[in-house]
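Coordinate inspection notes
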Amino acid sequence: MWLAAAAPSLARRLLFLGPPPPPLLLLLLSRSSRRRRRLHSLGLAAMPEKRPFERLPADVSPINYSLCLKPDLLDFTFEGKLEASAQVRQATNQIVMNCADIDIITASYVPEGDEEIHATGFNYQNEDEKVTLSFPSTLQPGTGTLKIDFVGELNDKMKGFYRSKYTTPSGEVRYAAVTQFEATDARRAFPCWDEPAIKATFDISLVVPKDRVALSNMNVIDRKPYPDDENVVEVKFARTPVMSTYLVAFVVGEYDFVETRSKDGVCVRVYTPVGKAEQGKFALEVAAKTLPFYKDYFNVPYPLPKIDLIAIADFAAGAMENWGLVTYRETALLIDPKNSCSSSRQWVALVVGHELAHQWFGNLVTMEWWTHLWLNEGFASWIEYLCVDHCFPEYDIWTQFVSADYTRAQELDALDNSHPIEVSVGHPSEVDEIFDAISYSKGASVIRMLHDYIGDKDFKKGMNMYLTKFQQKNAATEDLWESLENASGKPIAAVMNTWTKQMGFPLIYVEAEQVEDDRLLRLSQKKFCASGPYVGEDCPQWMVPITISTSEDSSHAKMKILMDKPEMNVVLKDVKPDQWVKLNLGTVGFYRTQYSSAMLESLLPGIRDLSLPPVDRLGLQNDLFSLARAGIISTVEVLKVMEAFVNEPNYTVWSDLSCNLGILSTLLSHTDFYEEIQEFVKDVFSPIGERLGWDPRPGEGHLDALLRGLVLGKLGKAGHKATLEEARRRFKDHVEGKQILSADLRSPVYLTVLKHGDGTTLDIMLKLHKQADMQEEKNRIERVLGATLSPELIQKVLTFALSEEVRPQDTVSVIGGVAGGSKHGRKAAWKFIKDNWEELYNRYQGGFLISRLIKLSVEGFAVDKMAGEVKAFFESHPAPSAERTIQQCCENILLNAAWLKRDAESIHQYLLQRKASPPTA
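Everything numeric here is computed off the predicted structure, so don't read it as measured data.

What follows covers the overall build of the protein. Each helix and strand counted, the protein has 27 helices and 29 strands in total. Relative to a compact globule of 921 residues, whose C-alpha radius of gyration would be 29 Å, the protein shows 28 Å and is just as compact. Sequence separation of 24 or more characterises 73% of the internal contacts of the protein that already satisfy a separation of 6 or more. Carbon together with sulfur atoms contributes 51% to the accessible area of the protein, which is approximately 33300 Å² in total. Here the protein carries 102 positive and 122 negative side-chain charges, and the mean point of each set is 4 Å from the other.

Each strand in a sheet pairs with another by means of backbone hydrogen bonds, the pair being arranged parallel or else antiparallel. Pairing within the open sheet is antiparallel, and its three strands lie in the order 3-7-6. What marks the edges here is a single partner per strand, and that holds for strand 3 (92-98) and strand 6 (121-125). Recorded for the sheet is a direction-independent mean angle of 25° between the axes of neighbouring strands. With five bridges joining them, strand 6 and strand 7 (residues 130-139) adopt antiparallel strand pairing. Looking at the pairing, Q125 lines up with K130 of strand 7.

With that settled, consider the pattern of salt bridges. Close approach of charged atoms allows side chains of opposite charge to pair. In total, this model carries 59 salt bridges according to the counting rule given. One salt bridge connects D308 with K306, and the closest N-O pair in it is separated by 2.6 Å. In terms of burial, D308 and K306 fall into one category: buried. Salt-bridge contacts for K796 lead to D763; the nearest nitrogen and oxygen are separated by 2.5 Å. Taken together, the positions of K796 in helix 21 (residues 791-801) and D763 in helix 19 (residues 759-771) put the pair 33 residues apart, joining distant regions of the chain. With a relative accessible area of 37%, K796 lands in the partly exposed category. Members of the salt-bridge network, linked through shared partners, are D101, E129, D185, R187, R188 and D194.

Right, let's talk about the pairing of strand 25 (residues 544-550) for a bit. Note on strand geometry: in a regular strand, side chains alternate between the two faces of the sheet. Most of strand 25 sits inside the fold, with seven of its seven residues counted as buried. On strand 25, burial covers both faces: V544, I546, I548 and T550 on one face and P545, T547 and S549 on the other are all buried. For strand 25 and strand 26 (residues 559-563), the ladder comprises five bridges, and the chain directions are antiparallel. Opposite I546, over in strand 26, you have I561 as the bridge partner. Relative to strand 28 (residues 581-583), strand 25 is paired through three bridges, and the arrangement is antiparallel. In the sheet register, T550 faces strand 28, and the bridge partner there is V581.

Looking now at the packing of aromatic side chains. Within a pair of aromatic rings, the relevant descriptors are the distance that separates the centres and the angle that separates the planes. What the rule picks out here adds up to 45 aromatic pairs. Looking at R345, its charged tip hangs above the ring of F282, at a distance of 5.7 Å from the centre.

Attention now moves to the UniProt feature "domain: Aminopeptidase N-like N-terminal" (unreviewed entry) in the protein. In the numbering used here, UniProt assigns the feature "domain: Aminopeptidase N-like N-terminal" (unreviewed entry) to residues 62-247. Across residues 62-247, the secondary structure splits into 0% helix and 61% strand, with the terminal C-alpha atoms separated by 16 Å.

On to the sheet that holds strand 28. Here we have three strands laid out as an open sheet, ordered 26-25-28, and antiparallel in their pairing. Whereas interior strands pair on both sides, the edge strands pair on one side only; in this sheet they are strand 26 and strand 28. Each strand axis lies, on average, 25° off the axis of its neighbour in the sheet, ignoring direction.

Counting all residues, the mean pLDDT for the protein is 91, and 94% of those residues have values of 70 or more. Throughout residues 5-43 the model reports pLDDT below 50, and contacts reaching past four residues in sequence, or to other chains, amount to 152 contacts.

Here V173 lies in strand 10 (residues 173-180). Each C-alpha atom of the pair V173 and G443 lies 41 Å from the other, and the pair is 270 residues apart in sequence. Ignoring sequence-local partners within four residues, the contact set of V173 consists of K165, Y166 and T167.

Once that is clear, we can look at the environment of I454. Checked against the element boundaries, I454 lands in helix 6 (residues 438-454). Linking I454 and L484, residues 30 residues apart in sequence, is a C-alpha distance of 8.3 Å. In contact with I454, other than residues within four places in its own chain, are F459, L484, S488, K490 and I492.

This part is about the packing of helix 3 (residues 342-358) against helix 4 (residues 373-391). Here helix 3 crosses helix 4 at 125°, and the two axes come no closer than 8 Å. By the angle class used here, helix 3 and helix 4 are oblique. The way helix 3 lies across helix 4 gives a crossing that is right-handed. On helix 4, the residues that touch A349, L350, G353, H354, A357 and H358 of helix 3 are N376, E377, A380, S381, I383, E384, Y385, C387 and V388. Looking at the contact of helix 3 with helix 4, its residues break down into eight nonpolar, five polar and two charged.

So, about the state of the cysteines. Evaluated as defined, the whole model comprises zero disulfides. No disulfide involves C68; its nearest neighbouring cysteine sulfur is the one of C192, lying 16 Å away. Free cysteine C99: the closest other cysteine sulfur is in C192, separated by 8.4 Å. Overall, the relative accessible area of 3% leaves C99 in the buried class.

To continue, consider helix 26 (residues 864-876). Within the sequence span of helix 26, burial applies to M866, A867, V870, F873 and F874. Axial view of helix 26: buried residues confined to an arc of 130°, hence all on one face. Looking at helix 26, the residues exposed on the side facing more than 90 degrees away from the buried face are K865, E875 and S876. Looking at the packing, one finds that the buried side of helix 26 touches helix 23 (823-835), helix 24 (837-844), helix 25 (848-858) and helix 27 (883-916).

Parameters and conventions
- Residues numbered from 1 in each chain as written.
- Predicted model: local features only at pLDDT ≥ 70, side-chain atom pairs only at ≥ 80, totals over all residues.
- Heavy atoms only, no water.
- Helix = DSSP H or I, 4+ residues; strand = E, 2+ residues; numbered from the N terminus.
- Rg over C-alpha atoms; globule rule 2.2 N^0.38 Å.
- Contact = heavy atoms within 4.5 Å.
- Areas by Shrake-Rupley, 256 points an atom, 1.4 Å probe, with all protein chains shown as cover.
- Lys, Arg positive; Asp, Glu negative; His and termini not counted.
- Charge placed at Lys NZ, Arg CZ, Asp CG, Glu CD.
- Pairing = 2+ DSSP bridges.
- Axes fitted to C-alpha atoms, helices over the stretch in contact; angles between N-to-C directions.
- Salt bridge = Lys/Arg side-chain N within 4 Å of Asp/Glu carboxyl O.
- Buried < 20%, exposed > 50% of the residue type's maximum accessible area, 1.4 Å probe, protein only.
- Phe/Tyr/Trp six-rings, centres within 6.5 Å; stacked < 30°, edge-to-face > 60°.
- Lys NZ or Arg CZ within 6 Å of the ring centre and 35° of its normal.
- UniProt positions renumbered as here; feature names shortened; annotations may be inferred.
- pLDDT = per-residue confidence, 0-100.
- Parallel < 35°, antiparallel > 145°, perpendicular 65-115°, else oblique.
- Left-handed = near helix turned anticlockwise from the far one by under 90°.
- Nonpolar A, V, L, I, M, F, W, Y, C, P; charged D, E, K, R; others polar.
- Disulfide = S-S within 2.5 Å.
- Arc of directions from axis to C-beta.

Written as structure tokens, this is what we have:
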């Protein structure tokens, strides 16, 4: 599954330029113990006790589900008939299954060759989402058929078997019936053994109106009139391979499609809303290239005869990898050649790559239990980049990985309230909580590090061994390590257990000494903490694959070592005194690096003259920014380094720098010198803005378009006069139909005119939203509405967020946009959430969208008492699936407050001094 905002958020990153910085003073400030005590005093440092939970008993298990469902698209109900071939392993007079929001009408068990035994009682355990069927006599070991007739509701919660609203080309509102079962919602569509390790085959039939499209995991094998109603047909699908319940899917609705065959002969279709088949062509092209890529990479063929990719109107996640029928948000699948921006194309390519990787890794071989979810998601989140790099080398996607996934995971994993990659999961309510940046982005980052440590050849060999050994079965993390160890001969389990079983990651401190013609490096590792230097007694240790490069060859490692102890000395032979030395080539190792002052000084010219590779320039800046956030160095020193990026040409480096400046701007919105940091932003971004201009030049590509949008948006938001004037002129022409804005310029222009606009501007934007035929354009507008500054207009935007105009899954980004737009917006969004909590919580039913909403809305606060207020609110308004997120948000608020107290004055003085004597480039 792809979480919508777990996607590389291409608009979220921010950046800086200027003169050579003076020597950096690395001020080791040990305030972290005080901060930790404050966390404990607020009760923020420990997760609540887990609910007791038992997995299903093993005495009865399914072999095959024969399932027929008849959805009613007007009354929003469905009827179901299940005949499951089952194996009774030990004598019992009851069968326990998962079941939620379903009413069983009749149930019976027919032992093979014997008489039917009718169940005499159905005991629903709603809290545990189970039902116990009781039988009057003992079911003996052997096989038989479990028959259940039941009814259920096509809910509006975007989980289970649910309804999705759409508008026909003629403007009529209708509903499709669609599914989202991961993690534990197949039980809302039919009674089942809803655990990933309880696999079976499925024979699915759907009874549907004859003018509707009906799809499931497999190809259609029969379509015949339904006896009772000439307007209805029964559609039968081929038997599936052995698979888990969470990967079953069915869709009933109105769709067009485009199709092709992959070079391996697999039928690939992309289903789109009616009249929009053209918008499925880009995803179709990506999918047709991707299937053979994975087949060759894993050396295992795709096991089904077809794969469908379908755009669903109301969809909580970004996409879901149901075997053979992958469901997507419209914005994650549809590309309009004229109206889609470059970042949307890239997002679609990544999401398609992610979900198709799961067809092997997750579907063919499935995690044994949710504890191993990270393996599914971390692996798919890594290999999607490998796939996109293969299909679109011009995207420079691996550099983007560092900004989008690697640094994002490190931000979260430095908190006291992070969690290990592998989390012991019991009760289903805990599962949603681990669909987060640790499972996805840290998971992907450590697999990237592992791939680099093993080498591609042995990694592929190990993957093939793993998939071949466990196909149609279940596996745990250790099984993958064993296969990779056998393929590579390296101590994979020993190394990787230090990364998956304990939370956090190391800070590697390095200093150097020239010894004749050699360079002696002294390395030490300690856990990196967002609150400052680690002060605990028993510091965790990692086995860290470390690469070391020098200015002699900045793109290849001079040495590779495995750091398996707290301290190490390393001698680099033949390194001249004037050569720099850098750790973590390519920013592949999942650690942060702190250099001695002298080592850092020698690296900084490599930023200015671009002799350091882009991904290393990015990593160096990001490490320094994180060290400043943690109070280990001064933020002023980082601002000086940011000014060295004056000549930077690389989109992703700018994107990461931009993101960090955005974090700093949000922090300083709590001060009275917010305008000064905006001046700094303008100074840093103006030179690259002038170089790029507004219009593409001949020969420009994908990354130039992304960079132009990023830079103009940054300058416009900061109030850069020329950018603001041009944005207003182009917006006017766009609205009047004189000159339509290119898709890549719409976000920055919309953002700029709204931030510096009035009620009329907002009304025009809302009108454009209403007129937009494409969900991508509606989302583009929704994400920037929060930039408006007047309290009255902010309230209008928040009210709009809960209106019928906004799809349920997109409300989160509208409210989040308000919270991120301004200091007043943050307060207004938090009040709005509290005032409308019941409606919002009911809408998302404790899924991951509620966590996303909370995080986006409160994380920007920087006053200690707000942490207490947030904690108190959620104590009286529990959100079990967001408990960890709430803890993390409160911790971040306290960290922001500490950062502000520590560095605000020195930042202010630096900005004033800079104003008095502007730097020369």
